[in-house]
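# Examining the three-dimensional arrangement
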Amino acid sequence: MSESKNLLSKRVSRVTTDSGVYRWLDKKGEVLYVGKAKNLRKRMHTYVAGKAKNSAWTEIMVRQIADFEVTVVKSELEAFMLESNLIKELKPKYNIMLKDDKGYVYVRVSTHERYPRVEIVRRIGTDKARYFGPFTTGSQITERTVEMLDSILRFRACGQSLDALNTGKTLAGTPCLDHQIGRCIGLCIGSVSEEEYLRRIKAVISFFRGNLADVKRETVLAMKAAAEDKKFEKAARLRDALSFIEDLEKRQSISDTSGEDIDVFGLAARAGKWQAVVLRQRDGRLIQELSFALRGDAETVPDALSQLIAQFYTETTDVPSMLLIGEPILDQEVLEEWLTGMKGTGVKIRVPERGRKSALLTMAEKNADEKVQQQFAAWESEARKVEDALAGLTKILSLSEKPKRIEGYDISHLGGTATVGSMVVFENGKPKREHYRSFNITTVREGDIDDYKSLAEVLRRRLKYLTDDLKTLEAKWQEKGVTIGKAKKAEQPFIVDTSTKNEDTISADNISYKDYLVVRAQDQIIGFGRLFAYDGVMALRSVWLEERYRGQQLGAFLVRSLLAKVKKGKIYVQSMPSLVEWYQSLGFQIVREPPEVLRKKRELWQSSHPDQIAGEIMVYIVHKQKPEASFTSHPDLLLIDGGKGQLSAVVSVLDELEMTIPVAGLAKREEEIFLPGQSLPEVVPKDSEARFLLQRVRDEAHRFANSKREKRLAAVLTQSAVDDMAGIGDITKAKLVQKFGSLAKAKNASEEQLAEVLTERQLKEFRKSD
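Being a predicted model, the structure only gives us computed values, none of them experimental. Residue indices begin from 1 for each chain and proceed along its sequence in written order. In keeping with the model being predicted, local features are shown solely for residues with a pLDDT of at least 70 and side-chain atom pairs are shown and tallied solely at 80 or more, while totals for entire chains, interfaces and linings include all residues. Side-chain measures here rest on the full set of heavy atoms in the structure, leaving out hydrogens and waters.

To continue, consider the side chain of Ser630. Numbering of helices and strands runs from the N terminus; a helix is a DSSP stretch of H or I covering at least four residues, while a strand is a stretch of E covering at least two. The residue Ser630 is located in helix α20 (residues 629–632) in this model. Filtering out sequence-adjacent residues up to four positions away, Ser630 remains in contact with Arg405, Glu407, Met423, His435, Arg437 and Arg462. Here a residue-residue contact requires only that any non-hydrogen atoms of the pair lie within 4.5 Å.

Laid out in structure tokens, this is it:
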């Protein structure tokens, strides 16, 4: 046993023997696995003792364990509930979990109200309503089903009438708009009695309980009545509804006379991929099959079943009287106690051995096995395609190894307005959406179009996180004979003399060598800078670099070294106009309302320099500059949406940062691939997997950029009532923003100025909104 595991084992030997929940952690402190135990010490010791033969699954996890946490509880039931909640919240890698439940919906009937409503929701509330589901959004139980039921049972009422009737208020007595267009049954005017309304709602509940006979009977009667009244379109819709119900009936072909409510859990696994199928029987009828692809892994089927059941019933209020499973589980009694508490009556978990229940379990397990095989086959096929694509890219682009991480970039704007840059990430050929990022362009003036400059800004802001390692930069400059460190007392005269020459607003009395960080070459000062507090406002000041060393990123290294001294808060700088973009590349942003002390200093400087531009006050917000995984991960390939021009802009940034990263441009018109240093594009077969992957990355970058631009533009264009004007669309509004700076400022423009953008008709509409 290794020294670290031996130490871990000793620590585990001192853990309590009480019931509780344990969490295995890796060296980063991230949770690998959450488990529960009647005896924490005994259970945890089986992982780290080094004696027992663990499964391959356990061995892989154990090798990653660096630490643990435990929570002691009063009973096994409390441990079970805490384990279930932690798994759902933390999503540990080695626990079995239902995949993201955003694809599930529920039918909600507010039976706690006097006049219940029927609606489709994505979450179970804490109210007393009745919920049916979960149903997958791809299943037949969707909005279409509710609309079909309403066409037969006619139960939909407007929200105003339901709100009034459920709170004891008086109805308006006039038909609502929904009633006039046929989407409200007329509760608002009393056309349906309370008894009749409740009868219809009861029929809806019965339908979702699996009793289709009543709805089928009413459908047949309504279809005949519509045909007799020669309402053939209505009759045709009811005929389709009847066909839909009969299809559901076929799915209920396995039924018995027991009238039992049962959920049957079938589980299958292959090559680390797990699939669950849940068959739901209500009143003796098999009414639904739910299929779940599971995330994570488990040591045994019983472990997986235990975790699956716990998570499944936190997502539904429909708990049956019996659960059928394929293998006994250790915490069966605790699960039964928990489910009984949820249902209010006894719930049993059984492993059937013969008869109809055994047949149901076999059906669920066969379905799960079939689905996991299909899932694995699809995964294998996709994996081969991705492997072929990455191998093809390696060859086409002459890469030293397969590009595991590909980053795609694009620029989007509307006539120069709301310019946005996008960065999308593909890892192993698949999108990694949590690493997508967007950039609001600041170096291009609103209304101007400069994709090259915009792209350079995006890459500069993204790649700076890979060049921010100050220790690496310091070592690099030391190789060139350049060092950085605190100023010495003997250097005070030089600092005072140089500072006062370069800053005419500085006083020698305000200069102390102790505040300065200096850059030296052969023991001679070639640059310096300091942080200075104005009435509690921290500012970057006195940044100077000998002219022959400028343009080599040494100034950026100096400023970053100063900024690194501040761990929280804000740092301001008064920038000359020519350095605004440079400071932006270091993480500063322009401040529209600067602190009072800095604003007054700028006004004082401006009054004594009337012929010069004061520049901008900018701020560096420390907590926003902390590197994140998306930016600290090193790309293996940069893909640019565009041709030679866009590619050149990116190569210039790479040269500027002295970075070597493979880069390619993919032009839209001919789908040509451009590489640095090549005048002609690469020829790639149209049916090549490599080409498909590049197109997918490029198209995703384009889509993401457009979506972010639309959101940014929407924020700009919702500044006034112009949004509601006829004949004035987004393009025209964007032109107004380009010309006047904002829609609010456009309101104050003259007729002649507006006529440069608006037609005569648009101008009349625009003035109506004043």
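Read on for the rest.
All right, on to the layout of surface pockets then. Put simply, the largest pocket is a space of about 1,400 Å³. A pocket here means an open set of points on a 1 Å grid, computed over the protein atoms alone, that has protein on both sides within 12 Å along at least five of seven lines. A cavity is instead a set of points where a 1.4 Å probe fits but cannot get out; residues with an atom within 4 Å of a point line either one. Together, 45 residues line the largest pocket, and Asn502, Glu503, Val543, Gln574 and Met576 are the ones closest to its centre. Mapped onto the lining of the largest pocket, the elements with two or more residues apiece are α16 (492–502), β19 (524–534), β20 (537–545), α17 (554–563), β21 (570–575), α18 (580–585) and α19 (596–608). Considering each element in turn, the lining of the largest pocket owes the most residues, seven residues, to β20. For the lining of the largest pocket, the per-class residue count stands at 24 nonpolar, 15 polar and six charged. Grid points are joined across faces, edges and corners, and a volume is the space filled by probe spheres set on the points. Considering only enclosed or pocket space, the second largest pocket measures out at about 1,100 Å³ in volume. Among the secondary structure elements, those contributing two or more residues to the lining of the second largest pocket are β16 (437–440), α14 (451–463), α18 and β22 (589–590). Basically, the charged four are Asp, Glu, Lys and Arg, the nonpolar ten are Ala, Val, Leu, Ile, Met, Phe, Trp, Tyr, Cys and Pro, and anything else, Gly included, counts as polar.

With that settled, consider the packing of aromatic side chains. Between rings of Phe, Tyr and Trp, where Trp is taken as its six-membered ring, a pair exists when centres lie within 6.5 Å; planes separated by under 30 degrees are stacked, by over 60 edge-to-face, and by other angles tilted. Taken as a whole and assessed by the stated rule, the structure comprises 21 aromatic pairs. Among the aromatic residues, those joined into a ring-pair cluster are Tyr22, Trp24, Tyr33, Tyr47 and Phe68. One residue, Lys464, lies across the ring of Tyr465, its end atom 4.3 Å from the ring centre. In our convention, an over-ring charge means Lys NZ or Arg CZ found within 6 Å of a ring centre and within 35 degrees of that ring's normal. Here the guanidinium or amino end of Lys480 rests over the ring plane of Trp477, the centre of that ring lying 4.7 Å away.

Let us look at the packing of helix α5 (residues 143–153) against helix α8 (residues 194–208). Interaxial angles span 0 to 180 degrees and are taken between N-to-C directions of axes, which are lines fitted to C-alpha atoms, for helices over the stretch in contact. Where α5 contacts α8, the two axes come as close as 11 Å, and the packing angle between them is 140 degrees. Judged on the interaxial angle alone, α8 and α5 are oblique. The hand of the α5/α8 crossing is right-handed. Together, Thr145, Met148, Leu149 and Leu153 of α5 and Arg200, Ala203, Val204, Phe207 and Phe208 of α8 make up the contact between the two elements. Each residue belonging to the contact of α5 with α8 can be placed in one class, and the counts come to seven nonpolar, one polar and one charged. Convention used here: angles under 35 degrees read as roughly parallel, angles over 145 as roughly antiparallel, angles from 65 to 115 as roughly perpendicular, and any remaining angle as oblique. Working rule for handedness: look at the near helix, and if it is turned counterclockwise from the far one by less than a right angle, call the crossing left-handed; if clockwise, right-handed.

That is the geometry; function is a separate question.
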